[in-house]
Amino acid sequence: MMLAERNVSRGSIQDRRRVARERAAIARAMLADCRLCTHNCGVNRLQGELGLCRADATTRFFSAQVEVAEDMELIPACALALSGCDLRCDFCITGASSWNARAGDIFDPRAMAVKARQALEHGARTIMILGGEPTIHLPAALEFVAELPATAKLVWKTNAHASAVARELLDGMFDIWLADFKFGNDACAQSLARVPDYLRIVRENLLWAAEHTELTVRHLLMPGHIDCCWRGVAEWLAAELPNVKVSLRSSFWPAWRARVHPEMRGTVTKVESHEALRIAHELGLELVE
Amino acid sequence: MKCNAAKASRIGGEAELLILPDGRVLVHNLTLMVAEALVDLNPDDEFIHRRVAAKRSGHSAAKTEQHPGNLPRRPLP
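Definitions and limits used
- Residues numbered from 1 in each chain as written.
- Chains lettered and ligands numbered in written order.
- Predicted model: local features only at pLDDT ≥ 70, side-chain atom pairs only at ≥ 80, totals over all residues.
- Heavy atoms only, no water.
- Contact = heavy atoms within 4.5 Å.
- Buried area = accessible area lost by both parts, 1.4 Å probe.
- Salt bridge = Lys/Arg side-chain N within 4 Å of Asp/Glu carboxyl O.
- Core = buried A, V, L, I, M, F, W, Y, C linked by side-chain atoms within 4.5 Å.
- Buried < 20%, exposed > 50% of the residue type's maximum accessible area, 1.4 Å probe, protein only.
- Pairing = 2+ DSSP bridges.
- Helix = DSSP H or I, 4+ residues; strand = E, 2+ residues; numbered from the N terminus.
- Axes fitted to C-alpha atoms, helices over the stretch in contact; angles between N-to-C directions.
- Parallel < 35°, antiparallel > 145°, perpendicular 65-115°, else oblique.
- Left-handed = near helix turned anticlockwise from the far one by under 90°.
- Nonpolar A, V, L, I, M, F, W, Y, C, P; charged D, E, K, R; others polar.

Trainee: Account for the interface of chain B and chain A, with residues named and values stated.
Mentor: Each partner contributes residues to the interface: chain B has 32 residues there, and chain A has 34 residues. Taking both sides of the interface into account, the surface hidden between chain B and chain A amounts to around 2,900 Å²; carbon and sulfur atoms contribute 58%. In this assembly, chain B and chain A are joined by 2 salt bridges. Across the pair B:Arg50 and A:Glu289 runs a salt bridge, and its minimum N-O distance is 2.8 Å.

Trainee: Tell me about the nonpolar core, residues and numbers included.
Mentor: Where a protein is soluble and globular, its nonpolar side chains tend to be buried together. In terms of nonpolar packing, the biggest core is built from 88 residues, with A:Ile127, A:Phe144, A:Phe181, A:Phe183, A:Leu206, A:Trp230 and A:Leu237 touching the most fellow members. Contact partners of A:Phe144, with chain neighbours within four places excluded, come to A:Leu80, A:Phe107, A:Pro109, A:Met112, A:Ala113, A:Ala116, A:Ile127 and A:Ile129. If you look at the next biggest cluster of nonpolar residues, it comprises 14 residues, including A:Val68, A:Ala69, B:Leu30 and B:Ile48.

Trainee: Describe the sheet that holds strand 1 (residues 60–67) of chain A, and please don't skip the residues or the numbers.
Mentor: One key point about sheets: their strands pair by backbone hydrogen bonds, in either a parallel or an antiparallel sense. All names here are of chain A. The mixed open sheet is built from 9 strands, whose spatial order is 3-1-2-4-5-6-7-8-9. The open sheet has two edge strands with one neighbour each: strand 3 (105–106) and strand 9 (286–287). Where strand 1 lies against strand 3, 2 bridges are found, and the strand directions are antiparallel. When the bridges of strand 3 are listed, Phe 61 appears paired with Asp 105.

Trainee: So, the packing of helix 3 (residues 109–121) of chain A against helix 4 (residues 138–146) of chain A: which residues are in play, and what are the values?
Mentor: All names here are of chain A. At their nearest, the axes of helix 3 and helix 4 sit 8 Å apart, and the two run at 50° to each other. With respect to each other, helix 3 and helix 4 are oriented oblique. In this structure, the crossing between helix 3 and helix 4 has a hand that is right-handed. Taking contact as the criterion, the partners of Pro 109, Met 112, Ala 113 and Ala 116 in helix 3 are, on helix 4, Ala 140, Glu 143 and Phe 144. Classifying every residue of the contact of helix 3 with helix 4 by side-chain character gives 6 nonpolar, no polar and 1 charged.

Below, the structure is given as structure tokens:
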């Protein structure tokens, strides 16, 4: 695929609005053979066909508010959560909306941009698009970017399960990627999120993001998964992305369908939290708050 | 115990709290209003304190935010 303009280099955002508009049109046309995520469904979402994410061509959102939960350098963040996701994490804290692409209200990029501008004027430091998973709504996300001030600091909060073609469309559009690295092995990814080939795909996305944007990798500690998941994630980051910022979250709670998994019926213990921090320090990871 | 700090509208404005038996409080979708309440409950909590300070050090958004009833809800302006 040839994009109208392939590279909007990092920091060169004068033309971001124009390029975003061009790419949004490309992304919307791609919904006819959707391969935005690595499930590679190839369904025609423009005609209502549904792939694994169950999203058609309409984008909805289930939350839009200013939040202060993220890393210090990003808050206050005007956070817009789009409905639907290409993963099926049983412990998803927003499972009802993330598993349902028809949840919430229709996302109007232009109207939402007005509200986002107001949030910036009222003190928000960043505008953050999240989900669910925003990659499956790439056309609307780019249409939204096209409506925002070129100087707005934009954050793409993702599960890092995007396809190469989606990444190409995202190149230069967001200042910061806040990307999840949820599982330390494919067995846990399959069991907890029903996603195959997880490690290869996420690693590919993270390596790309580290090269093309400012990247922070997030990991939500899960009870009973410190050794199998966090240790694996931490060791890979230390080896392959040693200077990347790491946001280690310990606020897991047994939401949605987590209780299907016996080890996930509680929260992360203090012992597990301490062990996770010990691993991070031992490996020299750059933790952010 | 789990409670919705703001009962969900589809548009959002929702924060959720989980208070654990050992006294820890977990929060999802932390808004400034909830953060301020948590600081009042535990002024020694540096994690929350810094987040409130970050907001206060910015523009005057806190002055313009609305308090719909007694529910800590913070939709976009």
